[in-house]
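Close look at the chain arrangement
Residues per chain are reported as follows:
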Amino acid sequence: MWTGLMNKYRRYLPVTDRTPNITLSEGSTPLIRLHNFSEQELGGLKLNVYVKFEGLNPTGSFKDRGMFLAISKAAEAGAKAVICASTGNTSASAAAYAARAGLQCFVLIPDGHIALGKLAQAMVQGAKVIAIAGNFDDALAAVRTISEKHPFTMVNSLNPHRIEGQKTGAFEICEQLGQAPDYHFMPVGNAGNITAYWRGYQEWQAAGQIKTLPKLMGFQAAGAAPIVDGHPVKDPQTIATAIKIGNPASWRQAEAARDESGGVIEKVTDEEITQAQLKLAAREGIFCEPASAASVAGLLKKAGEGFFRGGETAVCVLTGHGLKDPDRAIAIAPPLSRVRADSAEILKIIQAG
Ligand code: F0G
């Protein structure tokens, strides 16, 4: 029986006998091989492309990998309350694990700019949700100030336990493939996850579990690409609200992951993100949220540029489930057909294809 990440990777995590295991059985997400992308779409080459579907974690995103540990360590330290800023997924995860631990949870979100499913999760899971007139960067600045002076444990990825937990994603990918992939594609927002994956791959190599390391390929949304542009973006814009971030907290670590691995951090447009999300859903049956599709959009972009030689293995992390953002899915999907409950009329629509 799968009982979560602490039991599986205890040796690699900063836990002791006194650390409670606040778990919802996070982790152990599937690595799914893509079948239906044509060679033409992949730059005329055969590539082995897999997606790591992190949307199948307990709250529907990769955040659970780090949150179980951040909350377990907060509980161990005797904290009574946790606080975070969020574009949605962190707040959903923090609320769930705080509820499980019996801790109070305060979340700051940019008012009107988080996806419906994430808002619903935070609210129903008992967090105090504070919608601020500002963006994610403003919310995170406020959380940093408040948690410095008041007894709330901050559970954003500036909390080192978040990164420690999230690195297990790299362990799992290597175990599932039997080795490290050649390329690891992922979206980049606040840049905690790329930091965590790079640490995970390096530790797995140091532990003698893999021989080679992947190149880390990070992708920001074109309207929210501070690392690519080389300066903070004051008013970030993208339909991928999860990564609508103008001043990532782990900026330097993301650059280090890129440079040490020999990878890249580039941008993809909202249109490229949307096309990748639609293709994954309609052609592979894999429904991820827009920010997650930035990883596959990045892969398709690099393939189109003639980046690969053929035969390489690439893993794209799908960070969150598509159900997180139903409004966006309905907006980009082909329209539904409305008709009277009359079989002749229904058949007409079916036959029209
Ligand atoms: N994908 C999804 C679905 C996310 O929710 C996030 C970040 C990222 C990618 C980027 O990860 O920040 O570690 O580079 N979401 C945060 C939140 C900011 O508040 O939920 P990152």
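Anyway, here's the lowdown on the structure attached to this text. It should be emphasised that the depicted structure is a prediction, and the values quoted were computed from it without experimental measurement.

Conventions used here
- Residues numbered from 1 in each chain as written.
- Predicted model: local features only at pLDDT ≥ 70, side-chain atom pairs only at ≥ 80, totals over all residues.
- Heavy atoms only, no water.
- Helix = DSSP H or I, 4+ residues; strand = E, 2+ residues; numbered from the N terminus.
- Expected span 1.5 Å × (residues − 1).
- Buried < 20%, exposed > 50% of the residue type's maximum accessible area, 1.4 Å probe, protein only.
- Near = heavy atom within 4 Å.
- Polar contact = N/O pair within 3.5 Å; in protein donor to acceptor, adjacent residues only side chain to side chain.
- Nonpolar A, V, L, I, M, F, W, Y, C, P; charged D, E, K, R; others polar.
- Axes fitted to C-alpha atoms, helices over the stretch in contact; angles between N-to-C directions.
- Parallel < 35°, antiparallel > 145°, perpendicular 65-115°, else oblique.
- Left-handed = near helix turned anticlockwise from the far one by under 90°.
- Contact = heavy atoms within 4.5 Å.
- Arc of directions from axis to C-beta.
- Pairing = 2+ DSSP bridges.

Overview of helix α2 (residues 63-76)
- Between its first and last C-alpha, α2 extends 20 Å over 14 residues, near the 20 Å set by a 1.5 Å rise per residue.
- Turning to α2, its buried residues number three or more, namely K63, D64, R65, G66, M67, F68, L69, A70, I71, S72, K73 and A74.
- Looking one or two places after α2, you find G78, whose phi comes out positive at around 85 degrees.

Regarding the site of the ligand
- Neighbouring the ligand are 20 residues; G189, N190, A191, N193 and T319 lie closest to it.
- The side chain of S86 places a nitrogen or oxygen atom 2.8 Å from an oxygen atom of the ligand.
- In the environment of the ligand, a nitrogen atom lies 2.7 Å from a nitrogen or oxygen atom belonging to the side chain of T319.
- Those elements that provide at least two residues to the shell around the ligand are α3 (89-101) and α8 (192-206).
- For the shell around the ligand, a count of residues per class yields eight nonpolar, ten polar and two charged.

A word on the packing of α2 against α3
- Interhelical geometry of α2 versus α3 gives an angle of 40 degrees and a closest axis separation of 9 Å. Taken as axis vectors, α2 and α3 run oblique relative to one another. Of the two possible hands of crossing, α2 and α3 adopt the one that is right-handed. Between α2 and α3, the contacting residues are K63, D64, M67, F68 and I71 on the first element and N89, T90, S93, A94, Y97, A98 and A101 on the second.

Points about helix α10 (residues 251-261)
- Listing the buried residues of α10 in full gives W251, A254, E255, A257, R258 and S261. Seen from one end, α10 has its buried residues packed into an arc of 155 degrees, which puts them on one side. Facing away from the buried surface of α10 by more than 90 degrees, the exposed residues are R252, D259 and E260.
- Structurally, α10 contributes buried residues whose contacts are with α8, β8 (215-221), α9 (226-229) and β9 (264-268).
- Positive backbone phi, approximately 80 degrees, marks G262, located one or two places after α10.

Concerning the side chain of S91
- For S91, the position within the fold is in helix α3.
- Here S91 falls in the buried class, since its relative accessible area comes to 0%.
- There is a polar contact of 2.7 Å between the side chain of S91 and the backbone oxygen of G88.
- In contact with S91, not counting residues within four places along its chain, are C84, S86, V107, I109 and A122.

With respect to the pairing of strand β10 (residues 313-318)
- Most of β10 is tucked away: six of the six residues are buried.
- The side-chain alternation of β10 yields two buried faces, one formed by T313, V315 and V317 and the other by A314, C316 and L318.
- Examined bridge by bridge, strand β2 (residues 48-53) and β10 share six bridges and lie parallel to one another. Directly across from N48, in β10, lies its bridge partner T313.
- Relative to β10, strand β7 (residues 183-187) runs parallel, the two sharing three bridges. When the bridges of β10 are listed, F185 appears paired with C316.

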